[in-house]
Structure formats: C-alpha cells, structure tokens
Amino acid sequence: MRPRHWAKLTSASALAIILGCLPLRAETPAATDATLGIPLPEQPELRLSDVAPSTAPAQAATAPSADAEIVTGTVTTGNRPLDPARQDAASPLDSEEPLTLDIPAVEMPAADPALTPVVKSPEPVETAPQSGPLRTVEPLVPLPEMPKVVVEVPPGSEFAAAVAAALPDALTLRRLGERERNEIVAAYQANENRPFWVGGKGWNEAGKLIATQLGRAAEDGLRPNDYPLPVFEASDKARLAEADIRLSALAVLYARDARGGRLNPRQLSKLITPTLYLPSATEVLSELAGAADADAVLAAYNPPHEQYRRLKAKLAEMREHLDDTPLVRIPAGPPLKLGMRDERVALVRARLGLGPSEEPVFDRSTALALADFQKKAGLPANGILSERTLAALGKPASARGEEDIIAQMERWRWLPPDLGTDHIIANVPEMRVRVIRSGKVVHETRAIIGKPDSATPIFSHKMDHVIVNPSWYVPPSILKKEFLPGLAADPNYAAKRGYIVTRTKSGGISVRQPPGERNALGWIKFMFPNEHAVYLHDTPNRRLFAGERRALSHGCVRVENPFALADQVLGPEWTHERLKRLIGKGERRINLPQPLPIHLVYNTIVVGDHGQIHRFDDVYGFHRLVRQALEHQGG
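Keep in mind it's a predicted model, so treat the numbers as computed, not measured.

Definitions and limits used
- Residues numbered from 1 in each chain as written.
- Predicted model: local features only at pLDDT ≥ 70, side-chain atom pairs only at ≥ 80, totals over all residues.
- Heavy atoms only, no water.
- Helix = DSSP H or I, 4+ residues; strand = E, 2+ residues; numbered from the N terminus.
- Buried < 20%, exposed > 50% of the residue type's maximum accessible area, 1.4 Å probe, protein only.
- Contact = heavy atoms within 4.5 Å.
- Areas by Shrake-Rupley, 256 points an atom, 1.4 Å probe, with all protein chains shown as cover.
- Pairing = 2+ DSSP bridges.
- 1 Å grid on protein atoms, 1.4 Å probe; cavity = no way out; pocket = protein on both sides within 12 Å on 5 of 7 lines; lining within 4 Å.
- Points joined across faces, edges and corners; volume = space filled by probe spheres on them.
- Nonpolar A, V, L, I, M, F, W, Y, C, P; charged D, E, K, R; others polar.
- Polar contact = N/O pair within 3.5 Å; in protein donor to acceptor, adjacent residues only side chain to side chain.
- Arc of directions from axis to C-beta.
- Axes fitted to C-alpha atoms, helices over the stretch in contact; angles between N-to-C directions.
- Phe/Tyr/Trp six-rings, centres within 6.5 Å; stacked < 30°, edge-to-face > 60°.
- Lys NZ or Arg CZ within 6 Å of the ring centre and 35° of its normal.
- Expected span 1.5 Å × (residues − 1).
- Salt bridge = Lys/Arg side-chain N within 4 Å of Asp/Glu carboxyl O.

Asks: Can you tell me about the overall build of the chain, naming the residues and giving the values?
Replies: Tallying secondary structure elements over the chain gives 19 helices and 18 strands in all. Per-residue burial over the chain gives 40% buried out of 635 residues. Considering only intrachain contacts with a sequence separation of at least 6, the fraction spanning at least 24 residues in the chain is 66%. In the structure as shown, the chain presents an accessible area of about 36300 Å², 55% of it carried by carbon and sulfur atoms.

Asks: A description of the pairing of strand β16 (residues 588-601) should follow, citing residues and the corresponding values.
Replies: Successive residues of a regular strand alternate their side chains across the two faces of the sheet. In the sheet, strand β5 (residues 422-427) pairs with β16 via 4 bridges, with the strands oriented parallel. By the bridge assignment for β16, Ile424 is matched with Ile598.

Asks: Could you give an account of the layout of surface pockets, naming the residues involved and the relevant values?
Replies: Space inside the largest pocket adds up to approximately 1100 Å³. Residue lining of the largest pocket: 40 residues in total, with Trp472, Pro475, Ser477, Ile478 and His554 positioned closest to the centre. Secondary-structure elements contributing two or more residues to the lining of the largest pocket are β9 (472-473), α15 (476-489) and β14 (551-553). Sorting elements by how many residues they give to the lining of the largest pocket places α15 first, with 6 residues. Along the lines of polarity and charge, the residues of the lining of the largest pocket split into 21 nonpolar, 11 polar and 8 charged.

Asks: Now, about the side chain of Arg413: what can you tell me, with residues and values included?
Replies: Take Arg413: it is sitting in the loop between α14 (397-412) and β5. Among the polar contacts listed, one links the side chain of Arg413 to the side chain of Asn302, at a separation of 2.8 Å. With sequence-adjacent residues up to four places away left out, Arg413 is seen in contact with Asp220, Leu222, Asp257, Ala258, Arg259, Gly260, Asn302, Pro303 and Tyr308.

Asks: How would you sum up helix α3 (residues 160-170)? Please name residues and give values.
Replies: Here α3 has its buried residues at Ala160, Ala162, Val163, Ala166, Leu167 and Ala170. For α3, the arc enclosing every buried residue in end-on projection is 145°, short of the 170-degree limit, so these residues lie on one face. Turned more than 90 degrees away from the buried face of α3 sit Ala161, Ala165, Pro168 and Asp169, all of them exposed. In this fold, the buried residues of α3 make contact with α4 (178-190) and α6 (237-261).

Asks: Run through the sheet that holds strand β11 (residues 509-513), naming residues and quoting values.
Replies: Spatially, the 3 strands line up as an open sheet ordered β9-β11-β10, and their pairing is antiparallel. Of all the strands in the sheet, the pair left with one neighbour each is β9 and β10 (500-503). With 2 bridges connecting them, β9 and β11 associate as antiparallel partners. Within the sheet, the bridge partner assigned to Trp472 lies in β11 and is Gln513. Helix-sheet contacts for α15 involve β9 and β11, and the interaxial angle to β11 is about 95°.

Asks: If you had to explain the pairing of strand β8 (residues 459-468) to someone new, which residues and values would you point to?
Replies: The pairing of β8 with β16 spans 9 bridges and is classified as antiparallel. Note that in β16 the partner of His461 across the bridge is Ile598. The sheet contact formed by β8 and strand β12 (residues 524-527) spans 4 bridges and is antiparallel. Across the sheet, His465 pairs through a bridge with Met527, a residue of β12.

Asks: Would you mind going over empty space enclosed by the protein in detail, with residue names and values included?
Replies: For the structure on display, the rule yields 2 cavities of 30 Å³ or more. Within this model, the largest cavity holds a volume of roughly 120 Å³. Lining of the largest cavity is provided by 13 residues; of these, Arg411, Trp414, Ile458, Leu600 and Val601 occupy positions nearest its centre. Counting residues per element, the ones that place at least two in the lining of the largest cavity are β8 and β16. Looking at the lining of the largest cavity, its residues break down into 10 nonpolar, 2 polar and 1 charged.

Asks: Can you explain the packing of aromatic side chains? Please cite residues and give values.
Replies: Counting across every chain of the model gives 11 aromatic pairs. Ring centres of Tyr602 and Phe622 lie 5.0 Å apart, and the angle between their planes is 50°; on these two criteria the pair is classed as tilted. Here the residue Tyr602 occupies a position in the loop between β16 and β17 (605-607), and Phe622 occupies one in helix α19 (residues 622-634), the gap between them amounting to 20 residues. When sorted by exposure, Tyr602 lands in the same class as Phe622, which is buried. Positioned above the aromatic ring of Tyr535 is the side chain of Lys525, whose terminal nitrogen or guanidinium carbon lies 4.9 Å from the ring centre. We note Lys580 situated over the ring of Phe563; from NZ or CZ to the ring centre the distance is 5.7 Å.

Asks: Which residues make up the environment of Pro224, and what values go with them?
Replies: Of note, Pro224 is situated in the loop between α5 (205-215) and α6. Here Pro224 falls in the partly exposed class, since its relative accessible area comes to 36%. Not counting the four nearest positions on each side in its chain, Pro224 is found in contact with Ala217 and Ala218.

Asks: Could you give an account of the environment of Pro380, naming the residues involved and the relevant values?
Replies: Secondary-structure assignment places Pro380 in the loop between α12 (364-376) and α13 (387-393). In this structure Pro380 comes out as partly exposed when scored by relative accessible area, which is 37%. For the pair Pro380 and Gly621, spaced 241 residues apart in sequence, the C-alpha separation works out to 7.9 Å. Non-local contacts of Pro380, meaning those with residues more than four positions away in its chain, are made with Gln374, Arg388 and Arg624.

Asks: Pulling in residues and values, what's your account of α12?
Replies: For α12, built from 13 residues, the straight-helix expectation of 18 Å at 1.5 Å per residue is met to within 8% by its first-to-last C-alpha distance of 19 Å. Buried within α12 are the following residues: Thr366, Ala367, Ala369, Leu370, Ala371, Phe373 and Gln374. One or two steps after α12, the chain reaches Gly378, where phi turns positive at roughly 75°.

Asks: Quick rundown of the pattern of salt bridges? Include the residues and the values.
Replies: According to the stated counting rule, one finds 33 salt bridges in the structure shown. Salt-bridge contacts for Arg175 lead to Asp257; the nearest nitrogen and oxygen are separated by 2.8 Å. Taken together, the residues Arg175 in the loop between α3 and α4 and Asp257 in helix α6 connect sequence positions 82 residues apart. When its relative accessible area of 1% is taken as the criterion, Asp257 is described as buried. In this structure, the salt-bridge partner of Arg578 is Glu573, at a minimum N-O distance of 3.9 Å. Classification of Glu573 by relative accessible area gives exposed; the value is 57%. Residues joined in a network through salt bridges with shared partners are Arg174, Arg175, Arg223, Asp226 and Asp257.

This is a description of form; function is not addressed.
This is the structure in structure tokens:
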C-alpha cells in the first residue's frame, strides 16, 4: 500500500476512536472534588479497534521505501500490528473487538492518621462515584484554632459626639486667646473627642483634683471668680461634655495666669520688659492628663521661689486677722492741700489715727500722716488728699495690705522659674546688688540706680564679659538732652569736658568719653548686652553711695565696690590685684568662665527670714501701676 494511503487510513482510525468515545462520556457520571466542591474533568476511556493480524506488515517492513521514517498502525493489547490489507478506504473504521489500553493504576501511600483533618465540613458533600484511581482530597494539616476577637470601646467614647458639638461654645472664656482655644480643640481631636475629666457619674479623680486647686486660687493671690467651675447634671451627657471642655479651658487659663499671664508688663511701661514663660495649652493638658496628682501639677505653675512662698504665707496671715482700724466715711470734695480749711479735715485726722484739732485746717501734721499713708498704699506720697487717696482711705488697712502683697507676688511671676543656681539680683527700689550661689548670698553691695526720668529698666539677662578701662559712649537720650544743646551753643562743649566727637556713617554724631579717672563708667563695667543698653559699672563719684536716696544715674546700675564684684563673677584666675594692674593700660575685655544670669527686679515688699516685712520706695511708680492694673482687671 502506498504511504499516502496509510496516512489517510490512520486519520480515519483516530476519528473513529473519538466518535466512539462520545456516547461513553455522556453515560459517565460527573465526579466532584470533595474538598473544593467543584466538578472534576471527565476522563474518557480510549478504545482502539482490534484488527486481525496478517503478514502484510511484515512483508511491507522488509520492503524499503522512500517513506520509511513514517510509522503507522494501531495499538493492540499484544502490540500486534494491524494488517494493512484489511485497512483500506472501503472497510469499516470500528472493529468488532474493541480493546482498552493496558495502563496500570498508580498506587497511593496510605494516609497518615496523625494528619487526619480536625475541622470537617458540617454537611458532607455528596459526590458521584468515581472510577479509576482518583480519590477525594482532604487537607493533610489541621487548620489552626482562631482566637476569639474581643472589641473594647475606649472609655469616654460615648461622649465623643457631645464633646465635638460643645467645643466651639464651651471655649468662649474671657482672657483665653485664640491660639489657646485652637490648641484645646486639637487636644480633644487627638483624644478622639473623648473627655479628659468626666465619666458617667461626673468628675473623675483628676477632674476633682483640678477643681479643688482652682478653688484655692485666692491663696496665690489669684481671683477665684476668674475660674468659675461649671455646673452640670450627671445624667445630662451634653452638659457633662461641656463641663469637661470648660474645665480644660480653666486649667489652661490658671496655669498661664500663675506664670504671669494676667498682665502684659510692656503695656504698663516700656521699661518693664521681662521674658514671660507662659505655657501652651498643649503643654498644660498633656501634663495634667497623665498626672496622678493633677492639683499639685497645676499649682506648680506658680513661682517656686523662696521669696514668693514667704509672700504667700504673709498673705494668708494677713487674711486671718481682721482690721481693727475704725472706718470713717469721708465725703467727696475738692483736693485738700497744706493750709486749706475744710470740714472734712476732722474726718481725715480720725481716719489716720490723729487726735482732734482746734481748727479744721489741713496742717503739717495731717499732711505728713497722709503722706505716710500714701507711701504704704503705693500712691504718690505728696500729702495731698486727692480722689485716689480718698478712695484708698475708704478701704480697710488689711485690704490695702493684701493688694500690696498680691501686686508684689505678681511681679515674681515675671521672673524665670529657674533663676539659676548662681545668679545676680539687683533690686532697684532697694538699691542693692547681691551675688547668690547655691541659694546663699556670697556678696552684697549698695548701688546707685537711674533717676525717675531715666529709670533703670526691669528685665533678666546673662552677664558674659567684663571690660576694664572702658570707654563711655554717650547714650542717645543724654546726647539729645545735654550734648546737642551744648554743642549748638559752643562747638567746643564736648572737648572741654574730655569727650571725643565723631561723625557716623548715617550723618549723625557719636560722643565718646575715653578711659580715665574721670570716665563716667569708672575703671570697670559688667556687660550683659540688652535692648536698653544698660549694665553694671564703677563710678568716679563713690561718695554718692553714702546717701539714702541714690536714684542718680542715667539708667545704668553703679556698684559701690566693683572689683569685689569682679572677684565673684570672674573666678579665682582674675584676682583683685591682677585686675587692678590692668588699670590705665587700655581697654581690655575679659570673658566670664560661664555666663551668669542677672535679674534686675522691682521688689518694693520683701519678707525677711522671720516674717518681717521690709518696704522700699516705689521710686518709679511701677508697683502702683501693677496694683491698679490688677484692680481694674478685677472690676
């Protein structure tokens, strides 16, 4: 048979096999995977026609041909070759004796009992019977037991909606700035609008402690009316949320007031320029929320200084004793001065504890007694019965004393909480300078301060160097008041006095006094660069220290024994003798080993070690300004 005829015969046989399998596939039930629950693909049985053997293929095999590489035929059980003579175009494709491929089944190992699945389907899936070696596949590794999931709702979450709704209105507190309000809102948002200080039954423990400290505000000279506690019903969730926000706002306001936020010192005078250390709302709330003793944390915003604690104790002592001075109502009227006649003079004398007089004349004894009262009350001690003095006479002595103590406590709030282990204090009204190391005074000296019209400023800074043989550059205020008029009248005005006049790049003039015995700064000055251009220094007029009233300078602080002060600030390397050897040898700068904090303060009331009160003149009226500002704020 020709090779092409063999190829056709083979294709016809394959087609017959496929057509023969179709009925069998339709009759075979579909198998389903027991684990996945999906039908498995059907495996058709391959059947081939069994053709009787003949000798034709053997004969053909021996006959070589051009198509010897093509192998054709059918597969039988005994691998018998088909008779080519019987495979022609006219013969039927299917045979009478169908044969199945002899493929042995694959033997699977027995399942390990230890790997028997723990979790099984609650309802077994019915599967069709399978033929052949396919079996249901079960998981060999047991599924892990899943832990129970417990969802805990954060405490206070039930208030979240009420807190969010109450935030805008609950923060409308007088003297609470916009920045602080925004920080409080941000603090609640960071806490998912959950409350800080309330629970389902009212204040929590921290809230109770904060409320208690706010109620004690008067002990520190603050006004309890500035921190009114909110009223609420424990059953009203909206009012509880509002109370929580309001308590946060009050705590922030208290902390800032305790640090000196009640007044703006720079608005009282351009010469009162302390650096206030006001806490942010974020700082206050974060410290209080995590504290076990929230009341102590809030109280700690008050000054920690020993003198402040003494003033606080003195305030409590004064409030324990009622004023035994009989109050006399003095009618309003025109101011009374020395020598004037007025029917109110008898009432004024009675109020001041003076005896009666024969004539209603405002005499010298009345004026002196009134001036002493004015001094204690922080008023101008001029001995004139003015409207302000009349109002002060209408208050009990204890009330006036309390106001003085509170105004002095307020000025302590303007100082840094940490003055420095080693520091310098220059008390301007007392006209004294002290060096303090580890809480003890190691050096003290008298001082000369600025005149009332050129007052010494009040601020804190750091002294960092000393200059020996300094030059003095005349400050603009003195240049304007003294030198410019003098130079206009006499071009040699400055030269006659030993000053050197130079023209600046801006077209103005600079007047400098070179080092020497007549130099206004003396032989040494102590520098702490500041916006007021003031410092501590020596003076050639040392005799001025003998006087009681020493408000004589142009603003700087002159010290009586400057080289003893230098011994304290420069350390052992620069002794008194070594410094004096530098005198007259040109200007020399010496840096301090470490910058030393220096505080120019205005303490008109100082409490001694044994509780005694020392009062100093209100030379610039700063004490009166503070007291009046606090009284006005309270009204």
